[in-house]
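A structural walkthrough
This is what each chain is made of:
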Amino acid sequence: MLRSTILAASRNGRLERVVTRAPISRSVVRRFVGGADTAAAVQTTRALIGDGLTVTLDHLGEDTTDRAAADAAAGAYLELLGQLDSAGLTERLGPLTARAEVSVKLSAVGQSLGADGEKIATENARTICLEARRVGATVTLDMEDHTTTDSTLGILRELRGEFPETAAVLQAYLRRTEGDCLDLAYAGSRVRLCKGAYDEPASVAFTTRADVDRSYVRCMNALLAGDGYAMFATHDPTLIDIASARAEAHDTAMNGFEVQLLYGIRPDEQRRLAAAGHTVRVYVPYGAQWYGYLVRRLAERPANLAFFARALISKG
Ligand code: FDA
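In this report, we go over the structure that sits alongside the text. Here the residue numbering is sequential within each chain, running from 1 through the sequence in written order. In keeping with the predicted nature of the model, local features appear solely for residues at pLDDT of at least 70, side-chain atom pairs appear and are counted solely at 80 or more, and the whole-chain, interface and lining totals rest on all residues. The side-chain figures draw on all heavy atoms in the structure; neither hydrogens nor water molecules are used.

Each helix and strand counted, the chain has 13 helices and 8 strands in total. Throughout this description, buried means an accessible area under 20% of the type-specific maximum (1.4 Å probe, protein chains only), exposed means over 50%, and partly exposed covers the range between. For the chain, the proportion of its 316 residues judged to be buried stands at 54%. Sequence-distant contacts in the chain: of pairs separated by 6 or more residues, those separated by 24 or more amount to 74%. Here, Shrake-Rupley sampling with a 1.4 Å probe gives the accessible areas, and only protein chains in the shown set may cover a residue. When the accessible surface of the chain is totalled, it reaches about 13800 Å², and 53% of it is carbon and sulfur. Every helix listed is a DSSP run of H or I at least four residues long, and every strand listed is a run of E at least two residues long, numbered separately from the N terminus. For this analysis, residues touch if any pair of their heavy atoms sits within 4.5 Å.

Only buried Ala, Val, Leu, Ile, Met, Phe, Trp, Tyr and Cys residues count toward a nonpolar core, and they belong to the same one when joined by side-chain atoms within 4.5 Å. Core analysis: the biggest nonpolar cluster contains 67 residues, and Ile128, Leu193 and Phe232 have the highest contact counts within it. Excluding anything up to four places from it in sequence, Ile128 contacts Ala74, Tyr77, Leu78, Leu81, Val102, Val104, Val109 and Val139.

Further remarks concern helix α8 (residues 177-184). Those residues of α8 that fall on the buried side of the exposure criterion are Thr177, Asp180, Cys181 and Leu184. All buried residues of α8 project into a common sector of 105° when viewed along the axis, lining one side. More than 90 degrees from the buried face of α8, the exposed residues found are Leu182 and Asp183. Tucked into the core, α8 has its buried residues touching α7 (149-162), β4 (168-171), β5 (190-194) and α9 (209-225). The arc under discussion is defined with respect to the helix axis, by the directions toward the C-beta atoms.

Moving on to the site of the ligand. Neighbouring the ligand are 25 residues; Lys195, Gly196, Thr234, His235 and Glu300 lie closest to it. Take Arg209: an N or O atom from its side chain is 3.1 Å from an oxygen atom of the ligand. Out of a free accessible area of 940 Å², the ligand has 86% covered by protein chains. Method remark: on a 1 Å grid restricted to protein atoms, a set of points is classed as a cavity if a 1.4 Å probe fits but cannot get out and as a pocket if it is open with protein on both sides within 12 Å along at least five of seven lines; lining residues have an atom within 4 Å of a point. Pocket occupancy is defined atom-wise: a molecule lies in a cavity or pocket when more than half of its atoms are within 2 Å of its grid points. Judged by its atoms lying within 2 Å of the grid points, the ligand is housed in the largest pocket. Mapped by element, the contributors of at least two residues to the shell around the ligand are β4, β5, β7 (257-262) and α12 (291-300). Looking at the shell around the ligand element by element, the count peaks at 3 residues for β7. By the convention adopted, Pro, Cys, Tyr, Trp, Phe, Met, Ile, Leu, Val and Ala count as nonpolar, Lys, Arg, Asp and Glu as charged, and the other residues, Gly among them, as polar. The class makeup of the residues in the shell around the ligand is 11 nonpolar, 5 polar and 9 charged. We call a residue near a given molecule or strand whenever any one of its heavy atoms falls within 4 Å of it. Nitrogen and oxygen atoms within 3.5 Å of one another constitute a polar contact, given that in protein one can donate a hydrogen and the other can accept it, and given that sequence-neighbouring residues count only through two side-chain atoms.

Moving on, we come to the packing of helix α6 (residues 117-135) against α7. Two numbers describe how α6 lies on α7: the axes approach to 10 Å, and their chain directions differ by 40°. By the angle between their axes, α6 is oblique relative to α7. When the axes of α6 and α7 are compared, the crossing they make is right-handed. Seen from α6, the contacting residues are Glu118, Ala121, Thr122, Ala125, Arg126, Cys129 and Arg133; seen from α7, they are Ser151, Ile155, Glu158, Leu159 and Glu162. Counted by class, the contact of α6 with α7 contains 5 nonpolar, 2 polar and 5 charged residues. To obtain an axis, a line is fitted to C-alpha atoms, over the contacting stretch when the element is a helix, and the angle between two such axes runs from 0 to 180 degrees between their N-to-C directions. Roughly parallel covers angles under 35 degrees, roughly antiparallel covers those over 145, roughly perpendicular covers 65 to 115, and oblique covers all other angles. Each helix crossing is assigned a hand: it is left-handed if the near helix lies turned anticlockwise from the far helix by less than a right angle, otherwise right-handed if that turn is clockwise.

Nothing here speaks to function; it is all geometry.
Right, here's the structure in full:
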């Protein structure tokens, strides 16, 4: 109930205007957002890599409503990739992985623009993949709400024809996902598994935490039993422990999978896991449109609401 209310707030334009214009403490945004512009995001990336972590960057913005904004979002990724390259941060770690890569929401690059949406998003994503390849980086296609899953997986298939290193994201809360994991667990396929961040109906999604966790473990097993490269995106200490144990049971080497966490969440644990030999990738959102992203993080952990409210009324 509280989660649904907070998620509804993430789509409330009036509330967004009030919150983003409030004298919000910079600390609340800084904690979860890697910078307001490209230069700041590159600086954050350099610091994380210096700490032994790997990075995936997300230019904030989704549900683009016109072509110009979709092209501008793609342009922001090209600028980012160019600056990461100039900063020497796109070192390749293997055929499928790089030290810094980008995560792209297809809705930000045009997917929801009516009948031509898929075509526009595919063209923009292809341009980003081309530039990523030029600089040695890779691309992950973030997954959004369940109405876009088939379209996103279709675009992924098309892009993988030319850029096989492009990664998929699958959400364990969807009932279909174990099957999608089995389909995508082939050699050379990179897949991020997360729980899922949208407010989905019970007809398509597991709705209790225990059911989502059980699905996550089934999906984890499906990925590890295959020949692809699995990326376990979760802050859940139990699931991270299970992933390590299952990877060992499946004879997957430490560099044959990775753990992914969001910027600002359990930062000490991110460094502890990296020091223990795991490949740890930090998802770094950046840019001016931080509102929807921040509200989704609050919905996951309403305990953060008090922190957010304090920051909103402070002038720090
Ligand atoms: P959950 O929120 O259930 O938390 C489980 C446990 O983790 C908690 O009990 C606590 O122990 C610990 N924990 C969680 N938050 C914490 C905090 N703030 N501080 C301390 N401990 C905390 N979603 C999506 O729909 N599409 C996508 O493309 C992506 N991409 C993505 C990339 C990456 C790298 C991550 C980490 C996540 C995503 N997500 C996502 C979001 C994902 O679907 C999910 O909403 C969040 O990761 C929250 O789920 P958790 O697995 O962390 O567990």
